[in-house]
Every structure is written in structure tokens, then in C-alpha cells.
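Chains, contacts and geometry: an overview
Here is what each chain is made of, one letter per residue.
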Amino acid sequence: MPQQVYQLEEITVQTAYDTDIVIIDDDLMFCSMLADYLLSSDYLKCEVFLNGNDFLNNYKANDVRKIILDYEFNDGPDGLTILEKIKAINPLANVIIVSAQDNLEKAVETLRKGATDYFVKTNKTVFANVFCSLVKLREMEKNKLN
């Protein structure tokens with residue numbers, strides 16, 4: 001009697017996105033430097049949007065990428081409005097606010113609206129602070145899975 005042979009197929013899990021992080025900021029120089037820092041620190045790939053509307057046009061509730069969002073934009077809605085729209089689509093979204101504004105009231109308001117962290121761009125350690133926040137979020141996700 002011939003034996004049946006079962007062949008295991010390799011399963012590849014693919015995410016819908018090629019990037020780990022989304023940066024939404026109209027300051028292209030800041031975006032480039034932050035993206036380079038994150039790529040060199042932990043090989044985190046970033047996608048950059050220069051305004052919130054461009055990002056929101058294709059944002060879906062199942063998007064698990066971490067979002068780094070500027071507070072002030074030259075054109076279009078401000079970061080707080082974009083944050084509220086992101087949270088309406090995906091209440092579990094992780095959004096880190098970066099701003100040139102060292103304003104405690106704005107920081108507190110963004111945190112109340114669901115931001116994960118708030119960092120001031122003019123601080124020399126802003127890139128390291130953002131990176132540490134991303135690492136913290138990754139560790140929290142690992143602990144949820146265990």
C-alpha cells in the first residue's frame with residue numbers, strides 16, 4: 001500500500017505596508033533627518049507625507065504603522081485635527097506628536113485626544129526621544145502577545 005506524502009508549504013506573512021513608520025510633517029528637512037535617524041538606529045523604514053490630508057486619503061482602520069505627526073502645518077488642518085481624524089478611523093492608532101511649539105497646553109490637549117507622546121522639535125534629543133517612544137511601543141506590543 002503506497003504511503004501518502006504530505007508536503008508542508010512555507011507560509012509567508014506579509015503586511016499591507018512596506019514601512020514601519022509614517023511621518024506627517026511639512027518640514028521636508030526634518031522628515032529626511034528623522035527618517036535617516038530611524039533607519040540607521042533600528043532599520044525602521046518610513047513613509048513621508050507633507051500634509052495630513054494626503055495621509056488620511058488612504059488611511060485604513062487596520063493600518064498598524066506608528067505615526068509621527070507634526071502639530072503645525074502651513075496649509076490644511078493642524079495636527080490636532082488630523083489626530084482626531086486618525087483616532088476616529090482607528091482608535092488604537094499610535095500617534096507621536098512632534099512640534100516646534102514648546103506649549104504645555106497643546107501638549108496636554110494632544111495627549112487627552114489620544115496621542116502617545118509629545119516632543120518638541122527644537123530639543124536636541126528629539127530624534128532619540130521619538131526612537132525611544134517607538135521602542136517602548138514595540139515592547140508593549142510584544143508583552144501583549146505573550
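Everything that follows concerns the structure shown earlier in this document.
The rules behind each value
- Residues numbered from 1 in each chain as written.
- Predicted model: local features only at pLDDT ≥ 70, side-chain atom pairs only at ≥ 80, totals over all residues.
- Heavy atoms only, no water.
- Helix = DSSP H or I, 4+ residues; strand = E, 2+ residues; numbered from the N terminus.
- Contact = heavy atoms within 4.5 Å.
- Areas by Shrake-Rupley, 256 points an atom, 1.4 Å probe, with all protein chains shown as cover.
- Phe/Tyr/Trp six-rings, centres within 6.5 Å; stacked < 30°, edge-to-face > 60°.
- Buried < 20%, exposed > 50% of the residue type's maximum accessible area, 1.4 Å probe, protein only.
- Lys NZ or Arg CZ within 6 Å of the ring centre and 35° of its normal.
- Arc of directions from axis to C-beta.
- Pairing = 2+ DSSP bridges.
- Axes fitted to C-alpha atoms, helices over the stretch in contact; angles between N-to-C directions.
- Right-handed = clockwise from strand over helix to strand, strands pointing away.

Right, let's get into the overall build of the protein chain. Per the secondary structure count, the protein chain includes five helices and five strands. Secondary structure elements of the protein chain, listed N to C terminal, follow the sequence β-α-β-α-β-α-β-α-β-α. Contacts in the protein chain between residues at least 24 apart in sequence constitute 63% of all its contacts with a sequence separation of at least 6. About 9,600 Å² of surface is accessible on the protein chain, with carbon and sulfur atoms providing 52% of the total.

With that out of the way, let us pick up the packing of aromatic side chains. All told, the structure shown has five aromatic pairs when counted by the stated rule. Aromatic side chains Phe-49 and Phe-55 sit 5.4 Å apart centroid to centroid with 70° between the ring planes, which places their arrangement in the edge-to-face category. A relative accessible area of 15% places Phe-49 in the buried class. Relative accessible area serves as the criterion here: at 2%, Phe-55 is assigned to the buried category. When the centroid spacing of 4.8 Å and the interplanar angle of 40° are considered together, the rings of Phe-55 and Tyr-59 count as tilted. Three or more aromatic residues joined by ring pairs form one cluster here, namely Phe-30, Tyr-37, Phe-127 and Phe-131. Sitting above the plane of the Phe-30 ring, Lys-121 keeps its charged end 4.7 Å from the centroid.

Here the focus is helix H3 (residues 79-89). Turn by turn, an α-helix covers 3.6 residues, leaving residues three or four places apart pointing in a common direction. Among the residues of H3, Gly-79, Leu-80, Ile-82, Leu-83, Ile-86 and Lys-87 are the ones counted as buried. The buried residues of H3 occupy an angular sector of 160° when the element is viewed end-on, so they sit on one face. Tucked into the core, H3 has its buried residues touching helix H2 (52-56), strand E3 (66-70), strand E4 (95-99) and helix H4 (104-112).

Moving on: the pairing of strand E1 (residues 21-24). By the alternation rule, side chains of E1 split into Ile-21 and Ile-23 and Val-22 and Ile-24, which are all buried. As judged from the four bridges shared by E1 and strand E2 (residues 46-49), these two strands associate in the parallel manner. Residue pairing for E2: Val-22 is matched across the bridge by Glu-47. Taken together, the four bridges between E1 and E3 define a ladder with parallel strand orientation. Bridging across to E3, Ile-23 finds its partner in Ile-68.

The sheet built from five strands is open, its strands ordered E2-E1-E3-E4-E5 with parallel pairing. Strands at the two margins of the open sheet, each flanked by one partner only, are E2 and strand E5 (117-120). Put simply, the sheet's adjacent strands are angled 20° from each other on average, direction ignored. As paired strands, E4 and E5 are joined by four bridges and run parallel to one another. Its bridge partner lying in E5, Ile-96 is registered against Asp-117. Lying on the sheet, helix H1 (residues 28-42) is in contact with E1, E2, E3 and E4; it crosses E1 at an angle near 160°. Together, E3 and E4 form the strand contacts of H3, whose direction differs from that of E3 by roughly 155°.

Turning our attention to the pairing of E3. The buried fraction of E3 is high, at five of five residues. A two-sided burial pattern is seen for E3, the buried positions comprising Lys-66, Ile-68 and Asp-70 on one face and Ile-67 and Leu-69 on the other. As paired elements, E3 and E4 share four bridges and run parallel to each other. Each bridged residue has a counterpart across the sheet, and for Asp-70 the counterpart in E4 is Val-98. Since E3 and E4 lie parallel, the crossover through H3 that links them has a hand, and here it is right-handed.

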